[in-house]
Amino acid sequence: MTALAHIGSTGAGAQTPGGPAPEPTKKGGITAYLLLLPGVLWLLVFFVAPMAQLAAVSLQSQFPGYPGYYYRDVNFGSYVTAMTEYLPQFGRSLLFAGSATLLAFVLAYPLAYAMAFKAGKWRGLMMICVIAPFFTSFILRTIAWRQILADEGPVVGALKWLHVMPSSGRITETGFAVVAGLTYNFLPFMVLPIYASLERADPKIIEAGGDLYANGLTTFRRVTLPMSMPGVLAGTLLTFIPAAGDYVNAELLGSDSTKMVGNVIESQFFKVLGGFPVAAALSFTLMAVILALVFVYVRRYGTEELL
Amino acid sequence: MTTGQKLRFWISERIVMIIAVAVLLYLFLPVAYTFAFSFNNYRKSNIAWNPEGSPTLKHWQDPCGVEGICESLGTSIRVGFIATLAATILGTMLAFALVRHKFKGRGAGNMLVFIPMATPEIVLGASLLTIFVQGFTRIGLKLGFWTIVLAHIMFCLSFVVVTVKARLQSLDPRLEEAAEDLYADARSTFWRVTFPLVLPGIVSAALLSFSLSFDDFIITNFVSGNESTFPKFVYVSYLRGIPAQANVIGFSMFVIAVLLVVVGQVIGSRRRSPSS
């Protein structure tokens, strides 16, 4: 298996085929802590400490009359600003990321299914095809989408020719283009975990569904889909989380009316004098919302009895 | 059966595969565009196709012909190598501790590894920028090459841990038991049995790290200061028009990566075939 395939097998909480992973047998002792020390230290210095610093920044207050100068405080004003002024961008982020996740699921499932059960000797080649586009910089690919969806581009031209779209219609700089870009960019993150969990499933169990006179749809709903649920779960998280925080697609494919929360954070940091506290508050709110959604979602669907 | 019925039967037999191939084509469409526009003889910006003088090979003959482009590519490759090496070593150690040892705080350790992956990149970038600017400048660390490396090691680390962990968990414990039964001591069991079995997972983790680091834009953009990586170069030059040399380099990286993956798979399947 290649590198990215492992996201799948791992994100899905890969286990030995025969059952749950064996519990560790070795006792702790000094070795365990020596192995842990460097990595844990790294994460404490470069993940936990920065997050704490960001939290402190989000609670700072401004020196009256000195824009851009702040003192340490416990002031939730930045959170109020974040949630009142930038609520539309927040809602849009969740809506766009949610739509992109759903679309990615619809596109990814048949592909993953075909790779697991229908591809045969083509499986390796299909795997390479899923991963390969990753290596052309994602910014170049997003710009290519801008060209494909442009007003003079082939998609708009075809839609106008078919009269599906009015002659003044356009795709770029609409929410549709942003969702399309997000769907495209994170699609492999949906395909690989679903493939990994389907690959581990025994095709005989699916056949058994047919033998027991279930029709195709029922077999899929009651047998195949529940078996692939760990992969679907991992795939939706790996798609939704980066999509909700993304600002590149909204920047390159959208317009001012399709800005997402990522765009606000980025511009507060780089383009607004003294924008740090609001940007920090927005970052924390985004992370809290995502963690809450992840928690609810995993609790709801992370169990064996889904349907 | 009429031809129509035959056709309908043929399609319904292969409908999943047909959809799958369509999705794959969709994945490749922008790559094809990137490739095609590397031959564009454009005047101002490489957005519209200029039929006069296209296709041209001039961008392929001079891939470094734009100021800064090959420097940024070099930076990306160096960052990728250092970050991959460090993240792979630290992550593999963490994975061994988390899977093979029982100790207090194992749950907390797993949590500490998981949460950075569930954090959007923009939040990671923002938090690193604040601490680099407000804390680390006091010890003389300026935004640039090394802050990019430090940040990349951090976000690659979690992906290395989960990848190596999955491999470790799927190992058959009987293989190590067998080594012990054959009177191998702990050290030679580890280096001659466990480590070679885990190695494919470590290699996958390293490849994954490199590709994540090489293609990262959001975190890099926050912590890089004036230093430019290849994705940052492309993004920054977007406003005044991306040079076709970026398409040349982007597509070449794609070809190199595909070749590496194909070679890896061929070697992998050759190694597997004698035993199976």
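Residues numbered from 1 in each chain as written. Chains lettered and ligands numbered in written order. Predicted model: local features only at pLDDT ≥ 70, side-chain atom pairs only at ≥ 80, totals over all residues. Heavy atoms only, no water.

Enquirer: I keep staring at the interface of chain A and chain B and nothing clicks. Help me out?
Expert: For interface size, the figure often reported is the accessible area lost on association. Across the boundary between the two partners, chain A contributes 90 residues, which contact 85 residues of chain B. In terms of surface lost to chain B, no three residues of chain A exceed W42, F46 and F135 of chain A, which account for 8% of the buried area on that side. Here chain A and chain B share 0 salt bridges between them. Of the residues forming the side of chain A that touches chain B, the biggest block, 21 residues, is contributed by helix α2 (residues 29-58) of chain A. (Contact = heavy atoms within 4.5 Å. Buried area = accessible area lost by both parts, 1.4 Å probe. Salt bridge = Lys/Arg side-chain N within 4 Å of Asp/Glu carboxyl O. Helix = DSSP H or I, 4+ residues; strand = E, 2+ residues; numbered from the N terminus.)

Enquirer: How should I be thinking about the environment of V149 of chain B in this particular structure?
Expert: Residue and element names in this part refer to chain B. As for its placement among the helices and strands, V149 is situated in helix α6 (residues 145-169). Remark: the alpha-carbon pair of V149 and S213, spanning 64 residues in sequence, is separated by 9.0 Å. Setting aside its immediate chain neighbours within four residues, V149 contacts V79, I82 and A83.

Enquirer: Could you clarify how one ought to interpret the packing of α2 of chain A against helix α14 (residues 276-301) of chain A in this entry?
Expert: Pairs of packed helices are described in terms of their axes, by the angle between the two and the distance that separates them. Residues and elements named next belong to chain A. Close contact between α2 and α14 brings their axes to 7 Å; oriented N to C, the two are set at 120 degrees. Comparing the axis directions of α2 and α14 gives the class oblique. In this structure, α2 meets α14 at a crossing whose hand is left-handed. Here M51, L54, A55, V57 and S58 of α2 lie close against α14, whose contacting residues are F276, P277, A280, A281, S283, F284 and M287. (Axes fitted to C-alpha atoms, helices over the stretch in contact; angles between N-to-C directions. Parallel < 35°, antiparallel > 145°, perpendicular 65-115°, else oblique. Left-handed = near helix turned anticlockwise from the far one by under 90°.)

Enquirer: I keep staring at the packing of aromatic side chains and nothing clicks. Help me out?
Expert: Two measures describe an aromatic ring pair: the distance that separates the ring centres and the angle between the ring planes. Residues and elements named next belong to chain B. Under the counting rule described, the total for this entry stands at 27 aromatic pairs over all chains. An angle of 55 degrees between the planes, with centres 5.5 Å apart, marks the rings of F81 and F210 as tilted. You can see F81 sitting in helix α3 (residues 69-100) and its partner F210 sitting in helix α8 (residues 186-215), a full 129 residues away along the chain. On the basis of relative accessible area, F210 is assigned to the partly exposed category, the value being 22%. Arranged with centres 5.2 Å apart and planes meeting at 85 degrees, the rings of F145 and W146 form a pair that is edge-to-face. Among the aromatic side chains, those forming a connected cluster through ring pairs are F28, F35, F39, W60, F251 and F254. (Phe/Tyr/Trp six-rings, centres within 6.5 Å; stacked < 30°, edge-to-face > 60°. Buried < 20%, exposed > 50% of the residue type's maximum accessible area, 1.4 Å probe, protein only.)

Enquirer: How do you make sense of the side chain of K165 of chain B when you look at a structure like this?
Expert: Assignment of secondary structure puts K165 of chain B in helix α6. Setting aside residues no more than four positions away along its own chain, K165 of chain B makes contact with A95, L98, V99 and N110 of chain B.

Enquirer: In this structure, what is going on with the nonpolar core? I would like to understand it.
Expert: Nonpolar side chains in soluble globular proteins tend to end up buried together. Core analysis: the largest hydrophobic core is formed by 110 residues, its most contacted members being I139 and L282 of chain A together with F222 of chain B. Tallying contributions element by element places α6 of chain B first for this core, with 15 residues. Setting aside chain neighbours within four positions, we find F222 of chain B in contact with Y247, E266, F269 and F270 of chain A together with I122, G125, A126 and L129 of chain B. Grouped together as the second largest cluster of nonpolar side chains are 41 residues, C129, A144, I148 and Y195 of chain A included. (Core = buried A, V, L, I, M, F, W, Y, C linked by side-chain atoms within 4.5 Å.)

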